[in-house]
Protein chains: 2
Amino acid sequence: MTGSCIFAQSGGPTAVINASAYGVIKTALEAAEITNVYGAANGIVGILSDRLYDMSREDAYELSLLPNTPSSELGSCRYKLKSAGDDESDYIKLLDVFRRLDVRYFFYNGGNDSMDTCNKISRYLQSVNYECRVIGIPKTIDNDLCGTDHCPGFGSAAKYIATSVAEIYKDNYVYDTGSVTVVETMGRHAGWLAGSAALAGLAGCAPDLVYLPEVVFDMDRFIADVTAIYQAKKKCLIVASEGIAYADGSFVSEAKTSSTDGFNHAQLGGLAAILADAIKQRTGAKVRGIELSLLQRAAAHLASKTDADEAFAVGEFAVRQAISGATDKMVAIQRGDGAYAAELTLEPLSVAANNEKKVPRNWINADGNGVTREFFDYALPLIQGEPERVLENGLPRYARLKKILA
Amino acid sequence: MTGSCIFAQSGGPTAVINASAYGVIKTALEAAEITNVYGAANGIVGILSDRLYDMSREDAYELSLLPNTPSSELGSCRYKLKSAGDDESDYIKLLDVFRRLDVRYFFYNGGNDSMDTCNKISRYLQSVNYECRVIGIPKTIDNDLCGTDHCPGFGSAAKYIATSVAEIYKDNYVYDTGSVTVVETMGRHAGWLAGSAALAGLAGCAPDLVYLPEVVFDMDRFIADVTAIYQAKKKCLIVASEGIAYADGSFVSEAKTSSTDGFNHAQLGGLAAILADAIKQRTGAKVRGIELSLLQRAAAHLASKTDADEAFAVGEFAVRQAISGATDKMVAIQRGDGAYAAELTLEPLSVAANNEKKVPRNWINADGNGVTREFFDYALPLIQGEPERVLENGLPRYARLKKILA
């Protein structure tokens, strides 16, 4: 089928999401079946507001720098499409754009919500008999998409976290005095990112305790764990996911301080500060909280080559498969049982939409404060290799797109 | 003069302080004049408590990995020597160790306080007619040592900060909604680190506002600066040194919250959280605070080759000059007027001891919220180049020393 294509990015960015953009854009620009390649500004919102960039107007060299460029270069959104049954207005607008530009290929790069959006659009277009191939392209540092072995973006975030935790470990031992450090990772619903901190152990820098949201958090047990380690060696390095929660389901990060005056006050700091404060109050140790914050999803300078290559490949594969007739699918990554190799497949969009893949309980140790061999075997291949980086002045040279509206 | 040498590390670590260690240890092990090479555990404290490692027992390959290894591999201290006139006991202990091991060379790697320690030891040894060559080797990410153009450690921290700020900048633009981000750097007394964030502008990612401790901070003016930028473009990226202070000299980071209930409560978060909260309360913008924390001094994975090479060179130079007869000096780095080239010199220890070099006021803009061309010209050469890194499993391979006590 011949026609135009629209590519859009959605949800939180990753260090390599633009490698997928490059995979789609390059392949689409080269494909005889695709007449025009549009990039939507800010995901689905850009389609609904008619902000589409003509990717054929971009310089080929600048496009080739996309894999080195962090964040979502076209802009992203967190826009939840209503179901067409409840409110058809967005769908009518979108169909109007698709018809006007003869869009026959739609590629949406995102996480769970984005696959849901993709799914809704695909079903709507089918319901009105508008022929269009719709393919979802996975990404998320959280690595919580179902239907795929792992998600592009996770490997680079894991490499950043493991490397940073190794560096923090070394720093934590610099003085001969007691010190406790708490590192907070992202991952509100799944512990893939927190767990990846344990990989620092392969550099001789294992965190002592790792807490994932898959296990109910107990503050007393936590303090006991930390105290035992601190008393034994005057040092303790803790990694915790922002998503850890108490038995009643409330996030530890939402705890209010219980000040001595009896009033409750919201904390300015996040989870790391809250845990650091709890340790300090109950052990007297010198404690530091470190939140890896945006850096863990933006650190293109420490991307995994395996991840960057796969991120490109899923974009390229999406376009090739759509041209061959695939639609209503998400690209997924599978791995075999032997030496690590990624195989790309197509899965139903509905598999990923609105589901969350957790770390299996048996990949977390019995005490719920570390990960097992299975986790290492899973995650280690994903952080391998260092992509070539283009630098100018000792600083990253990012893609500079013209972003000319179509 | 023939005899043993002691090398020790002091003060806060840097990403390349172990490159200086390697420069000293390798050169000393190869020198005919030096009979034994000892590394002190935890700086001067290791000498006073007789914890000296025999560096000749280390594997040469492991030693060669020191430049890749962050933090102070021998351990550091923050121990302030009393003046010998007030309390001679530490000096007597130290002299006893020096005599027993025939120590004739002493190399101390640190910042202002360490140069003061060096100076006191050197004068004491002279006063008791114990011949020993004493050389201070500079290091500090804060870059605030007098007598040297810049300090080993600063270039790598600056490269980390500029690169991370560029990545944060990209992330800050990912959504089409308003967002303000505040990044906190180290540098309690001088703004070299905060200023280096401005280098991200060369990657097209300039922070909008940069605050250095050299300029008195005014919260109302700060809010006005942020508001003006935020209103114009819905985005604002701010970098501030942890050391910014009000006109009365009090650190902004020490502010107490003034909660609605009228009670004052100490903040858990640091400066970034305090500024973020102030912006949020007074503009209603979505704000995120990011503290670069220990990572800026430990990020060996993003070291500057220029910095790492100079860190090695100052260590090597210290040993060579001491063998040639120099004593009571600090190694310093000078640069000429043309293309960047580092020339090593020896300066009196007293020049660096307990002084602090500030960013010149005319390297900061008139409004006190950014740096000028002079700052760029100064800092840019120091972040150039990427050292080769040894990796295993996609993770840094750090030196593994045996640390055998002598």
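As the structure is a computational prediction, the values presented were derived from the model and not from experiment.

### A look at the pairing of strand β13 (residues 342–348) of chain B
- Where strand β12 (residues 329–335) of chain B lies against β13(B), seven bridges are found, and the strand directions are antiparallel. The residue of β13(B) that forms the bridge with Val331(B) is Leu346(B).

### As for helix α5 (residues 112–127) of chain A
Residue and element names in this part refer to chain A.
- If you check α5, its first and last C-alpha atoms are 23 Å apart, about what 16 residues at 1.5 Å a residue would give, namely 22 Å.
- Among the 16 residues in α5, 12 count as buried, and that is most of the element.
- Looking at the residues trailing α5, positive phi occurs at Asn129, about 60°.

### Regarding the packing of helix α8 (residues 219–233) of chain A against helix α9 (residues 271–283) of chain A
All names here are of chain A.
- Taken N-terminus to C-terminus, the directions of α8 and α9 make an angle of 65°; their axes are 10 Å apart at the nearest point. Between α8 and α9, the crossing angle belongs to the class labelled roughly perpendicular. Crossing handedness for the pair α8 and α9: right-handed. Of the residues in α9, those in contact with Met219, Ile223, Val226, Thr227 and Tyr230 of α8 are Ala278, Ile279, Arg282 and Thr283.
- Partitioning the contact of α8 with α9 into residue classes produces six nonpolar, two polar and one charged.

### Re the domain arrangement of chain A
Residues and elements named next belong to chain A.
- You can read the domains of chain A as domain 1 (3–153 + 299–355 + 385–396) and domain 2 (155–297).
- Taking only C-alpha atoms into account, the centre of domain 1 sits 34 Å from that of domain 2.
- A class-by-class count of the residues in the side of domain 1 that touches domain 2 yields eight nonpolar, six polar and three charged.

### A word on the sheet that holds strand β11 (residues 287–291) of chain A
All names here are of chain A.
- With respect to topology, four strands assemble into an open sheet ordered β7-β8-β6-β11, the strand pairing being parallel. Taken across any chain shown, the strands that pair with only one partner, and hence form the sheet edges, are β7 (209–211) and β11. When the angles between neighbouring strand axes are averaged without regard to direction, this sheet yields 15°.
- Note that β7 and strand β8 (residues 235–241) share three bridges and pair parallel. When the bridges of β8 are listed, Val210 appears paired with Val239.

### Considering the relation of the copies chain B and chain A
- Mapping chain B onto chain A leaves a residual RMSD of 0.0 Å; the transformation is a rotation of 180° accompanied by 0.0 Å of translation along its axis. The operation mapping one copy onto its partner corresponds to a two-fold rotation axis.

### Re the interface of chain B and chain A
- Taken together, the contacts link 56 residues of chain B with 56 residues of chain A.
- In terms of residue count, the dominant contributor to the side of chain B that touches chain A is helix α6 (residues 154–172) of chain B (nine residues).
- Across the side of chain B that touches chain A, the residue classes tally to 28 nonpolar, 19 polar and nine charged.

### Topic: unusual backbone geometry
All names here are of chain A.
- Look at Asn143: it is not a glycine, yet its phi comes out positive at around 60°.
- Secondary-structure assignment places Asn143 in the loop between β5 (133–138) and α6 (154–172).
- Even without a glycine there, the phi angle at Lys403 is positive, about 50°.
- Along the polypeptide, Lys403 turns up in the segment after β15 (395–396).

### Points about the environment of Gly12(A)
Residue and element names in this part refer to chain A.
- Turning to its location among the elements, Gly12 is positioned in the loop between β1 (3–9) and α1 (17–30).
- Owing to 23 C-beta atoms within 10 Å, Gly12 belongs among the buried residues under this scheme.
- Residues Gly12 and Lys139 lie 127 residues apart in sequence; the distance between their C-alpha atoms is 8.9 Å.

### With respect to the sheet that holds β12(B)
All names here are of chain B.
- Read across the open sheet, the seven strands follow the order β3-β2-β1-β4-β5-β12-β13; overall the sheet is mixed. Of all strands in the sheet, those with a lone pairing partner are β3 (52–54) and β13, marking the two edges. Neighbour-to-neighbour, the strand axes of this sheet turn through a mean angle of 30°, independent of strand direction.

### Some thoughts on the nonpolar core
- If you look at the biggest cluster of nonpolar residues, it comprises 274 residues, and the most contacted ones within it are Cys5(A), Phe107(A), Val165(A) and Val165(B).
- When neighbours within four sequence positions are excluded, Val165(A) is seen to be in contact with Val183(A), Ala197(A), Ala200(A), Cys205(A), Pro207(A) and Val239(A).

### Brief notes about the environment of Cys151(A)
Residue and element names in this part refer to chain A.
- Looking at where Cys151 falls in the secondary structure, it is placed in the loop between β5 and α6.
- A count of 28 C-beta atoms within 10 Å places Cys151 in the buried class.
- Separated by 222 residues in sequence, Cys151 and Arg373 place their C-alpha atoms 20 Å apart.
- Ignoring sequence-local partners within four residues, the contact set of Cys151 consists of Pro138, Lys139, Thr140, Asn143 and Leu145.

### Digging into the confidence of the model for chain A
All names here are of chain A.
- Per-residue confidence for chain A gives a mean pLDDT of 94, with 97% of residues at or over 70.
- Confidence drops under pLDDT 50 across residues 257–268; counting only partners more than four residues distant or on other chains, this segment forms 22 contacts.
- Model confidence for the complex: the whole-complex pTM is 0.96, and ipTM, which rates the interface, is 0.96.

Quick notes on the rules
Residues numbered from 1 in each chain as written. Chains lettered and ligands numbered in written order. Predicted model: local features only at pLDDT ≥ 70, side-chain atom pairs only at ≥ 80, totals over all residues. Pairing = 2+ DSSP bridges. Helix = DSSP H or I, 4+ residues; strand = E, 2+ residues; numbered from the N terminus. Expected span 1.5 Å × (residues − 1). Buried ≥ 20, exposed ≤ 12 C-beta atoms within 10 Å, placed from the backbone. Axes fitted to C-alpha atoms, helices over the stretch in contact; angles between N-to-C directions. Parallel < 35°, antiparallel > 145°, perpendicular 65-115°, else oblique. Left-handed = near helix turned anticlockwise from the far one by under 90°. Contact = placed C-beta atoms within 7 Å. Nonpolar A, V, L, I, M, F, W, Y, C, P; charged D, E, K, R; others polar. Domains from an automatic or database assignment. Least-squares fit on C-alpha atoms with pLDDT ≥ 70 in both. Core = buried A, V, L, I, M, F, W, Y, C linked by C-beta atoms within 7 Å. pLDDT = per-residue confidence, 0-100.

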